[in-house]
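# Summary of structural features
Spelled out from the first residue to the last, the chains are:
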Amino acid sequence: MTEAPIWQPSQERIQNARITHYHNWLQTQGHQPGNSWQSLHQWSIDNPAAFWETIWQYFDVRGQYQARRIFENGDQMPGATWFGGARLNFAENLLRGEPDRVALIEQREDGRGRQMTYGELREHSARLAGTLQEHGVSKGDRVAAFITNGIEAIIGMLATARLGAVWSSCSPDFGFQGVLERFGQIEPRALIAVNGYQYNGKAIDTRERVEQLAGALPSLSVQIRIDNQPDCPWDEAANTVGWKDALMAEPAAGFTPMAFDDPLYILYSSGTTGAPKCIVHGIGGTLLQHLKELGLHTDVGPDDVVFYYTTTGWMMWNWLASTLALGATAVLYDGSPMAPTPEVLWNLAEEHGITVFGASAKYYAACGKQGLKPAETHGLDPLKAILSTGSPLAHESFDYIYRDVKPDVCLSSISGGTDIVSCFALGNPTLPVYRGELQCLGLGMDVAIYNDEGQPVAGQKGELVCRAPFPCMPVGFWNDPEGERFHSAYFNRFPNTWAHGDFGEIREHPATEDTPAQRGMIIHGRADAVLNPGGVRIGTAEIYRQVEKLDDVLESIAVGQQWGDDQRVVLFVRLREDVALNDELCERLRHVIRENTTPRHVPAKIIQVPDIPRTLSGKIVELAVRNVIHGESVKNREALANPNALDHFRNLAQLRD
């Protein structure tokens, strides 16, 4: 018997959803997608050319394509091509909103805020594009940005895309070496940078890092400097333009027509095991995938106000920016999600009438631990969807959101990543929500779970794969002309199949009188962090979910330690300030794990640490900790937000017996 859903949409919600409209529209266009969600999804993967053409048509993408060349070399992965001969411009498609409609709302931790309309955004991005042109930036050149999540970042990206240049951004909490390891590989023509930012009540001056960076990038022809912190005036320097002056240039004329697979973005892997990989994403694939995910799976339209807590160094920033292609309003927040008060993001939601609210799984867990109850303290009537990503959303966080945030909301845990600048599994406003599950697989994405023999399985844990080409697959890696590193990263595990590196399972929910048939997904962690005691594969998220039920535990990290001819599970916990690990707490932790999982999940060692290392996008790094406890080096500490946290795991006496 299947578990009962924790939420179901009303019939009115289903009927008014954009995905319902799209489903009905398909039939008027002569397609036969069936009458259910499952049949629509199957149709989308059985008919890839037809499906992706309908996304172009339904969302009225500005550009031209050749119908006979929509999908070629479809039996090759990598190697398949999409929309050969198409011409389009990404910025043109994001700047279609009504001129007087608010496009961007910016709020900073220090209380400063601004808004910008679509008309103003068109004007500002055209003028910045003119300045970039004056300094030699043209099609294919890279524009690098060391920048906060604010209006300037969106203007910079649109100006770059308008010219057919390539945008790449890092948030200013990156250290100098971390930024150089990224931007140094792509040889940017222009650098856009801020002089500082505020986080958790502290003002941080970035001018020295910017000067170091500019000196280490000989490819630069211009720096564009933003006065983000009033108390940090810039020094005079050659080849620099102030932001205000950059917006005084003659506007660039028109939008440069580009091919479907011409580069749009360069994003970076976390770099915790070596130099970051420079992942190149194409214009057309990014646009179509984001239109599908935001428009159909998230139900975003022109009347929506969309927020995601992110920085410019995380792919969710790129995803949030694409809400402009649907005429929505994007809300940009820069600062700590818990400062100046823990309610700051819920205040934002209430003040601006946010309809789609997104943050990391860790954020919702922290809200629960803080005892926040926005349902009682905030007016959240417009809120229709809550999104979560970054790590698996615990079952208890599902309960928390429906109990303490809003009972009638579509809670969508989503999963994909920087590798595809989008999702493999995500939400659906017309389907029920089950505790701990991502609602559905993405339209047009032939996703499966493979066992070790490369066979698809349901109801079993294994590797998340995609069995057919998809348009948002990266163009490749920068400086990888033969594609060897790209092929090695995704296609070595299973022939002609994208292996994403996540460890998960697919859950089947048969149709009942009250609920439709549904295939949900659970993500159990990264495949390369899977624990293997006694030859049994265990996802780390299975342990985190149980341990973090205890109020005393703020967060945890589990790794496998080689012990004799086997592996034993070691659990590290960060506790509340007034709590110390003792035998009683260890026993409670082991009990909750044993009672809710299996004896194999129970850690051999439990150790308290004051901090847990994480990437700059907030993900904990099991591999780095595993290396440290085995006396191995961590190749790229600069990729971590708190690299000194690794020192707490080195040479521990508790791991010697």
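One can find the structure itself at the top, above this paragraph.
Here the structure is a predicted model, which means the values were calculated and not measured.

### Here's the deal with the overall build of the protein chain
- Helix and strand counts for the protein chain come out as 20 helices and 31 strands.
- Rg of the C-alpha trace for the protein chain: 24 Å, near the compact-globule value of 26 Å for 657 residues, within the 12% margin.
- In terms of its C-alpha atoms, the protein chain occupies a principal-axis envelope of roughly 70 × 65 × 55 Å.
- A burial count over the protein chain gives 60% of its 657 residues as buried.
- With the model as given, the accessible surface of the protein chain reaches about 25000 Å², and the carbon-plus-sulfur share is 45%.
- Distance from the positive charge centre (57 side chains) to the negative charge centre (80 side chains) of the protein chain: 2 Å.

### Comments concerning the packing of helix 2 (residues 18-28) against helix 4 (residues 48-58)
- It is the contact of helix 2 with helix 4, at a shortest axis distance of 12 Å, that shows an interaxial angle of 115 degrees. Taken as axis vectors, helix 2 and helix 4 run roughly perpendicular relative to one another. The two elements helix 2 and helix 4 meet at a crossing, and its hand is right-handed. Facing R18, H21, Y22, W25 and L26 of helix 2, the residues of helix 4 in contact are F51, T54, I55, Q57 and Y58.
- Its residues assigned to classes, the contact of helix 2 with helix 4 shows six nonpolar, three polar and one charged.

### Examining empty space enclosed by the protein
- Per the counting criterion, the structure on display carries four cavities of 30 Å³ or more.
- If you add up the space inside the largest cavity, you get close to 40 Å³.
- Contributing to the lining of the largest cavity are R108, E109, D110, R112, Y197, Q198, N228, Q229 and D334.
- Of the residues assigned to the lining of the largest cavity, the class counts are one nonpolar, three polar and five charged.

### Side note on the packing of helix 18 (residues 540-547) against helix 19 (residues 583-596)
- In contact at an axis separation of 9 Å, helix 18 and helix 19 are set at 125 degrees when each is read in the N-to-C sense. Classified by the angle between their axes, helix 18 and helix 19 sit oblique to one another. Here the hand of the crossing between helix 18 and helix 19 comes out right-handed. Within the contact between the two elements, helix 18 uses I543, Q546 and V547 and helix 19 uses L589, V592, I593 and N596.
- Counted by class, the contact of helix 18 with helix 19 contains five nonpolar, two polar and no charged residues.

### Section: the sheet that holds strand 6 (residues 113-117)
- Strand order in the open sheet formed by seven strands is 6-5-17-16-18-19-20, with mixed pairing between adjacent strands. Looking at the sheet topology across the chains shown, the edges are occupied by strand 6 and strand 20 (410-413). Direction aside, the axes of adjacent strands within the sheet are offset by 15 degrees on average.
- Relative to strand 20, strand 19 (residues 385-389) is paired through four bridges, and the arrangement is parallel. Looking at the pairing, A385 lines up with C410 of strand 20.
- Packed on one face of the sheet, helix 6 (residues 118-134) meets strand 5 (102-108) and strand 6 and runs near 90 degrees to strand 6.
- Together, strand 5, strand 6, strand 16 (305-308), strand 17 (329-334) and strand 18 (356-360) form the strand contacts of helix 13 (residues 344-352), whose direction differs from that of strand 17 by roughly 150 degrees.

### A closer look at helix 13
- Taken together, the buried positions of helix 13 are occupied by V344, L345, W346, L348, A349 and H352.
- Of the residues one or two after helix 13, G353 is the one with positive phi, at around 60 degrees.

### Concerning the nonpolar core
- If you look at the biggest cluster of nonpolar residues, it comprises 95 residues, and the most contacted ones within it are Y22, L121 and I192.
- The greatest single-element share of this core, amounting to eight residues, is contributed by helix 7 (residues 151-162).
- Beyond its immediate chain neighbours, meaning those up to four positions away, L121 contacts L95, A103, L104, M116, I154, I155, L158 and L324.
- Among the nonpolar cores identified, the runner-up in size contains 39 residues, and V569, C586, I620 and V628 belong to it.

Calculation rules
Numbering of residues starts from 1 in each chain and follows the order in which that chain's sequence is written. Reporting of local features is limited, given that this is a predicted model, to residues whose pLDDT is at least 70; pairs of side-chain atoms are given and counted only at 80 or more, and all residues count toward the totals for whole chains, interfaces and linings. Computation of side-chain values: all heavy atoms of the structure, hydrogens and water removed. Every helix listed is a DSSP run of H or I at least four residues long, and every strand listed is a run of E at least two residues long, numbered separately from the N terminus. Each radius of gyration is computed over the set of C-alpha atoms, and the globule rule expresses the reference value as 2.2 Å times the number of residues to the power 0.38. Type-normalised accessible area, obtained with a 1.4 Å probe on protein chains alone, sets the label of each residue: buried when under 20%, exposed when over 50%, and partly exposed for intermediate values. Surface accessibility in these figures is a Shrake-Rupley result with a 1.4 Å probe; residues are shielded only by whichever protein chains are displayed. The charge count includes Lys and Arg as positive and Asp and Glu as negative, but it does not include His or the ends of the chains. Throughout, a charge is located at the NZ atom of Lys, the CZ atom of Arg, the CG atom of Asp or the CD atom of Glu. Geometry is summarised by axes, namely lines fitted to C-alpha atoms with helices restricted to the contacting stretch, and by angles between N-to-C directions that run from 0 to 180 degrees. Orientation categories follow fixed angle ranges, with anything under 35 degrees roughly parallel, anything over 145 roughly antiparallel, 65 to 115 roughly perpendicular, and all other angles oblique. Note on convention: near helix rotated counterclockwise from far helix by under a right angle means a left-handed crossing. Clockwise means right-handed. The contact rule is simple, with two residues in contact once any of their heavy atoms fall within 4.5 Å. For this classification, the nonpolar set comprises Ala, Val, Leu, Ile, Met, Phe, Trp, Tyr, Cys and Pro, the charged set comprises Asp, Glu, Lys and Arg, and every other residue, Gly included, is treated as polar. Whether a set of points on the 1 Å grid over the protein atoms alone is a cavity depends on a 1.4 Å probe fitting there but being unable to get out, while an open set qualifies as a pocket with protein on both sides within 12 Å along at least five of seven lines; lining residues are those with an atom within 4 Å of a point. Grid points are joined across faces, edges and corners, and a volume is the space filled by probe spheres set on the points. We treat two strands as partners when DSSP finds at least two bridges between them. In this description, a nonpolar core means a group of buried Ala, Val, Leu, Ile, Met, Phe, Trp, Tyr and Cys residues linked to one another through side-chain atoms lying within 4.5 Å.

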